[in-house]
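As a plain string of letters, each chain reads:
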Amino acid sequence: MKHFELKGTIREVGNKATVKAIRRNDLVPCNLYGQKMENVLFTVSAKDLKGLTHTPASHIVDLVLSDGKTYTAVVHELQFHPIDDVCLHVDFLKVSEDKPINITVPLNITGHAVGVQAGGKFVQLVRKLKVSGLMKDLPDQLDVDITPLQIGKSIVAGDLSYDNITITSPKDTIICTVKSTRQAAQATAEGAAE
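For the structure given in this document, a descriptive report is provided here. Just so we're clear, the structure is a prediction, and the values are computed from it rather than from any experiment.

**Describing a nonpolar patch on the surface**
Turning to step 1, where the next piece is worked out: A cluster of nonpolar residues, V75, L78 and F80, forms a patch on the protein surface that exposes about 200 Å² of accessible area.
Turning to step 2, where the next piece is worked out: Here L78 is to be found in strand β5 (residues 70-80).
Turning to step 3, where the next piece is worked out: On the basis of relative accessible area, L78 is assigned to the partly exposed category, the value being 33%.

See the structure below:
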């Protein structure tokens with residue numbers, strides 16, 4: 001999985017006015033936590049953060065903080081303003097190479113569904129799945145081959161398996177389906193009439 005370096009400046013615990021002042025300076029308040037460590041409060045540039053938040057890709061984040069310490073983390077939670085779509089706060093979770101990491105990974109649909117060639121309509125319902133695995137095993141994307149997908153059939157998370165990682169999204173999560181269209185129904189009816 002790709003790494004994304006993010007520089008941060010250590011900050012003190014503050015009240016609402018302090019946090020508002022931070023945001024006025026185009027900075028985003030952040031929190032880093034994990035097992036066997038104290039929470040670390042810091043800020044990052046809103047512009048730098050967009051490289052992480054405004055992309056479909058998932059990343060392991062290499063945090064480089066102003067106190068000289070570096071941490072490996074994943075984004076745990078993002079809070080956005082409901083109207084402006086501006087990131088208000090980020091929680092990072094510290095991770096290590098020897099413990100499994102839970103992270104969402106984007107899907108990459110490959111192939112041409114048989115059902116679409118027969119006149120059906122392809123519909124993708126999910127763009128990412130949650131997976132668990134060691135850092136070295138985490139893929140940049142999960143390839144899903146839709147070639148055998150017939151009209152009226154779906155691919156669910158439980159149908160997929162990958163080496164060295166476990167899909168933690170619910171097994172009945174529908175990833176994609178091929179829906180019947182009037183054209184496909186008409187072709188089927190004409191085929192039956194012949």
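**Observations regarding a positive patch on the surface**
Turning to step 1, where the next piece is worked out: Side chains of K16, K20, R23 and R24 sit close together on the surface and give a patch of like positive charge.
Turning to step 2, where the next piece is worked out: Its location among the elements puts R23 in helix α1 (residues 16-24).
Turning to step 3, where the next piece is worked out: Of the residues examined, R23 reaches a relative accessible area of 32% and is grouped as partly exposed.

**Here we look at unusual backbone geometry**
Turning to step 1, where the next piece is worked out: Look at D26: it is not a glycine, yet its phi comes out positive at around 60°.
Turning to step 2, where the next piece is worked out: Along the chain, D26 turns up in the loop between α1 and β2 (27-33).
Turning to step 3, where the next piece is worked out: For D26, a relative accessible area of 56% corresponds to the exposed category.
Turning to step 4, where the next piece is worked out: One non-glycine residue, N164, lies in the positive phi region at around 65°.
Turning to step 5, where the next piece is worked out: Here N164 shows up in the loop between β11 (154-156) and β12 (166-167).

**Things to note about the sheet that holds strand β9 (residues 128-133)**
Turning to step 1, where the next piece is worked out: With mixed pairing, the four strands of this open sheet are ordered in space as β10-β7-β9-β12. Unpaired on one side and paired on the other, β10 (142-145) and β12 mark the two borders of the sheet.
Turning to step 2, where the next piece is worked out: Sheet topology note: the strand β7 (residues 101-110)/β9 ladder contains six bridges and is antiparallel. Within β9, the position partnered with N102 by the bridge is S132.

**Considering the environment of G115**
Turning to step 1, where the next piece is worked out: Structurally, G115 is set in helix α3 (residues 114-117).
Turning to step 2, where the next piece is worked out: Here G115 falls in the buried class, since its relative accessible area comes to 0%.
Turning to step 3, where the next piece is worked out: The spatial distance from the C-alpha of G115 to the C-alpha of P148 is 8.0 Å, given a sequence separation of 33 residues.
Turning to step 4, where the next piece is worked out: Other than its neighbours up to four places away in sequence, G115 contacts G120, L149, Q150, I151 and V178.

**Some details on the pattern of salt bridges**
Turning to step 1, where the next piece is worked out: Tallied over the full model, the rule gives two salt bridges.
Turning to step 2, where the next piece is worked out: Residue E5 pairs with K7 through a salt bridge whose shortest N-O separation is 2.9 Å.
Turning to step 3, where the next piece is worked out: For the salt bridge of K136 with D137, the shortest nitrogen-to-oxygen distance reads 3.3 Å.

**Here we look at the sheet that holds strand β13 (residues 174-179)**
Turning to step 1, where the next piece is worked out: Read across the open sheet, the three strands follow the order β8-β13-β11; overall the sheet is antiparallel. Two strands bound the open sheet, and with one partner strand each, they are β8 (121-124) and β11. Sheet twist, expressed as the mean angle between neighbouring strand axes with direction ignored, is 10°.
Turning to step 2, where the next piece is worked out: Across three bridges, the pairing between β11 and β13 is antiparallel. Among the inter-strand pairings, S154 is bridged to a residue of β13, identified as T177.

Scoring rules and cut-offs
- Residues numbered from 1 in each chain as written.
- Predicted model: local features only at pLDDT ≥ 70, side-chain atom pairs only at ≥ 80, totals over all residues.
- Heavy atoms only, no water.
- Patch = residues over 30% accessible without salt bridge, like charges linked within 9 Å, V, L, I, M, F, W, Y side chains within 5 Å.
- Areas by Shrake-Rupley, 256 points an atom, 1.4 Å probe, with all protein chains shown as cover.
- Salt bridge = Lys/Arg side-chain N within 4 Å of Asp/Glu carboxyl O.
- Helix = DSSP H or I, 4+ residues; strand = E, 2+ residues; numbered from the N terminus.
- Buried < 20%, exposed > 50% of the residue type's maximum accessible area, 1.4 Å probe, protein only.
- Lys, Arg positive; Asp, Glu negative; His and termini not counted.
- Charge placed at Lys NZ, Arg CZ, Asp CG, Glu CD.
- Pairing = 2+ DSSP bridges.
- Contact = heavy atoms within 4.5 Å.
- Axes fitted to C-alpha atoms, helices over the stretch in contact; angles between N-to-C directions.

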